[in-house]
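Each chain, letter by letter, is given below.
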Amino acid sequence: MKRTTLFTLFFLSSFVCFGQIKSNNVLIPTSSNSANTLSVQLRSFNDLGTFYASTDPDSAFYYAKLALTEAEESGNQYDYAVAKRTIGQVFYLQGAYDNAIDYLSESLAVFRILKHDSEIAKTMLLLGAAYQFHDLWKEALIEFHAAKTMFSALKDQVGLAETYGVIGHYYEKTAHYDSAFFYQQKALELYKSLDDSRGLAVIYDNIGSIYEDLEAFEEAYEYFMLSAKYDSISQNLPALVNTLNNLGDTYRKRGIVKEAVEYTYRALELADSLNLNYEILSAYHDLAKVYRANGREDLALLYYDSAYEFSQDLFNSQIAGQIANFQTLYETQEKEQEIVQLETDKKIGRQTRNSLLFGTVSFVFAASIIIYQERTKRIREKHFFEAEKSLDEEKIKNAELNRKALATELENKQLKEEQFHMELEARSQDLTAKTLHIIQKNRILRELKQQVEDLEKEKSKKKGIGKIINLIDENFKFDNDWEEFESRFDQVHAEFLDRLKCEFTTLTTAELRLASLIKMQLSSKDISTILGISPESLRISRYRLKKKLNLEKGQKLKAYLESF
């Protein structure tokens, strides 16, 4: 779950409506004529700082600074602590975790002095998150459990549900999945009882994320769909962007390209309309991964390039924002130091000037370190992108070589198939010619036999002619041409006779020959001529063959043998 979605839980405070005007691209409350104008204005600054914390860090920082200044001047410790917390949250969201922890710790200390338990619990929850993302896991868990204990004592069901969700997320990131499920289920039960759509969306997203870690992508998809449903109901569009991206991931990791691209594009379009820069960058990366996994190296490179260019722009704007915030803090500190200097100039003038100088040097040093770290990070990312791009270009080249090799292999295969078909056609023609030869020879023998039978009627030549007739009959039955015929038949109809013999072991040689001739789709007249039998004898032979083949009544012998 993304950091911005996690902290949707932390500050769901209500926004108090009041008159507003624009100044320096942010909203400024108009002055009130009531007796407590200063208190109302101070509270408004803090409300606006909290409201903008997750969506517009610059505006949040601006309002929190105004609130901090007003609170210091008026001695309002509560609003001073709220302003400190808001500035800490802004630093947290911008990745400046050391500064975030400092401001949140200062805020927590003031709330403890005031014994404001509900604010203590909220601040501990946020401080725990800063510790977690700064890889101080032990400290994070201590703050989370302390917040849980306090919310439970206060009987604050909303705060308790938020804390259960955060602790469950902590255990997911530390791979303690049983504990993660346990706390997410407790959070889910509370949010259901509260009928809190926004909270339900976050917890369903958390559970989906656990299943995704466990590679149970179908279950993850179901929970992400529930999260998207409640994001839509609560109109939490930034969270919906994250959920759409998660849905795309479940399809991408299962290799389902179409739906993966569809959901990721939807996330990209919504993020772009809301100016959610980190979500836009995440969508670019996810699209590149989808196309790369699908072998579309050209599109993968396109989105990797887009991600790199966008990250460069984002880095520049982020650095500018951080420098502006540090400058604002510095100016605030400088103003405070000037006031102190005017009040105690005679006593500690030199010490104050040294402190101011030290503060300036510290600011410049801290800013330089941050800028150096960020630039070093960007250089590493640039090298990574260049290496990825080089690798992808090499893959594209290899893919093209493989494509050409496959094309050549396919062409050779087609040539072999054409050669095989030509040989088969030649063998078929040879078989047909041999069959016609047998038909013609047997036809001549039949005519010769008929003439000899006519001569046999003459008594004087009966004995010699009988021998000739017997010789012709033997020629019908044992013609050596059958062996050559069967050899050529097997070349055209591979293994037909062997399979027939194997499956029907009682078939005679004459019946096998009959089956072969029927397989060749010869007419009954030609078959009877080849076998040297009468049409009536052929009909009986066909009947016997059909019976031995166990054909049912109505089943055609010719169709069966052609498909055998």
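Summary of the structure given here. Being a predicted model, the structure only gives us computed values, none of them experimental. (Residues numbered from 1 in each chain as written. Predicted model: local features only at pLDDT ≥ 70, side-chain atom pairs only at ≥ 80, totals over all residues. Heavy atoms only, no water.)

## Quick notes on the environment of Lys 548
When you line up the elements, Lys 548 lands in helix 21 (residues 535-548). For the pair Lys 548 and Thr 506, spaced 42 residues apart in sequence, the C-alpha to C-alpha distance is 7.6 Å. Other than its neighbours up to four places away in sequence, Lys 548 contacts Phe 504, Thr 506, Leu 507, Thr 508 and Glu 511. Polar side-chain contacts of Lys 548 include one of 3.0 Å to the backbone oxygen of Thr 506. (Helix = DSSP H or I, 4+ residues; strand = E, 2+ residues; numbered from the N terminus. Contact = heavy atoms within 4.5 Å. Polar contact = N/O pair within 3.5 Å; in protein donor to acceptor, adjacent residues only side chain to side chain.)

## Quick notes on the environment of Lys 148
For Lys 148, the position within the fold is in helix 7 (residues 137-154). Remark: the alpha-carbon pair of Lys 148 and Lys 122, spanning 26 residues in sequence, is separated by 9.9 Å. Among all residues touching Lys 148, those that are not within four sequence positions of it are Leu 160, Thr 163, Tyr 164, Ile 167 and Tyr 183.

## A look at the pattern of salt bridges
Under the counting rule described, the total for this entry stands at six salt bridges. When the shortest N-O distance is used, the salt bridge between Glu 212 and Lys 253 registers 2.8 Å. Taken together, the residues Glu 212 in helix 10 (residues 197-213) and Lys 253 in the loop between helix 12 (237-252) and helix 13 (257-274) connect sequence positions 41 residues apart. Here Glu 212 falls in the buried class, since its relative accessible area comes to 9%. Residues Arg 252 and Asp 249 are paired through a salt bridge, measuring 3.3 Å at the closest nitrogen-oxygen approach. Of this pair, Arg 252 and Asp 249 both sit in helix 12, three residues apart, which is roughly one turn of the helix. Given a relative accessible area of 19%, Arg 252 falls into the buried group. (Salt bridge = Lys/Arg side-chain N within 4 Å of Asp/Glu carboxyl O. Buried < 20%, exposed > 50% of the residue type's maximum accessible area, 1.4 Å probe, protein only.)

## Quick look at helix 19 (residues 509-519)
Note on helix geometry: an α-helix contains 3.6 residues per turn, so any two residues three or four positions apart are oriented the same way. With nine of eleven residues buried, helix 19 is to be regarded as a mostly interior element. Those residues of helix 19 that sit buried are Glu 511, Leu 512, Arg 513, Leu 514, Ala 515, Ser 516, Leu 517, Ile 518 and Lys 519. Looking one or two residues past helix 19, Gln 521 carries a phi angle of roughly 65°, positive in sign.

## A look at the packing of helix 5 (residues 97-114) against helix 6 (residues 117-133)
Pairs of packed helices are described in terms of their axes, by the angle between the two and the distance that separates them. Where helix 5 contacts helix 6, the two axes come as close as 9 Å, and the packing angle between them is 160°. Judged on the interaxial angle alone, helix 6 and helix 5 are roughly antiparallel. The handedness of the crossing between helix 5 and helix 6 comes out as left-handed. Between helix 5 and helix 6, the contacting residues are Tyr 97, Ile 101, Leu 104, Ser 105, Ser 107, Leu 108, Phe 111 and Arg 112 on the first element and Glu 119, Ile 120, Thr 123, Met 124, Leu 126, Leu 127, Ala 130, Tyr 131 and Phe 133 on the second. Taken together, the residues that form the contact of helix 5 with helix 6 break down as twelve nonpolar, three polar and two charged. (Axes fitted to C-alpha atoms, helices over the stretch in contact; angles between N-to-C directions. Parallel < 35°, antiparallel > 145°, perpendicular 65-115°, else oblique. Left-handed = near helix turned anticlockwise from the far one by under 90°. Nonpolar A, V, L, I, M, F, W, Y, C, P; charged D, E, K, R; others polar.)

## Things to note about the packing of aromatic side chains
Here the distance between the centres and the angle between the planes together describe a pair of aromatic rings. Inspection of the entire model under this criterion finds 21 aromatic pairs. Consider the rings of Phe 182 and Tyr 183, whose centres lie 5.2 Å apart with planes at 85°: the pair is edge-to-face. The exposure class of Phe 182 is partly exposed, given its relative accessible area of 47%. Centre to centre, the rings of Tyr 211 and Tyr 223 are 5.6 Å apart; their planes meet at 20°, and the pair counts as stacked. Residue Tyr 211 is located in helix 10, and its partner Tyr 223 is located in helix 11 (residues 217-233); the two are separated by twelve residues in the primary sequence. Joined through ring pairs, the aromatic side chains of Trp 137, Phe 144, Tyr 164, Tyr 170, Tyr 171, Phe 182 and Tyr 183 make up one cluster. (Phe/Tyr/Trp six-rings, centres within 6.5 Å; stacked < 30°, edge-to-face > 60°.)

## Brief notes about the nonpolar core
Judged by nonpolar contacts, the single largest core of 65 residues is most densely connected at Ile 87, Phe 91, Tyr 92, Phe 144 and Tyr 171. Residues Ala 228, Tyr 284, Tyr 291 and Ala 300 belong to the second largest nonpolar core, which totals 29 residues. (Core = buried A, V, L, I, M, F, W, Y, C linked by side-chain atoms within 4.5 Å.)

## Some words on helix 18 (residues 496-503)
Along helix 18, the residues that are buried comprise Phe 496, Leu 497 and Leu 500. Across the axial projection of helix 18, the buried residues extend over an arc of 90°, all falling on one side. (Arc of directions from axis to C-beta.)

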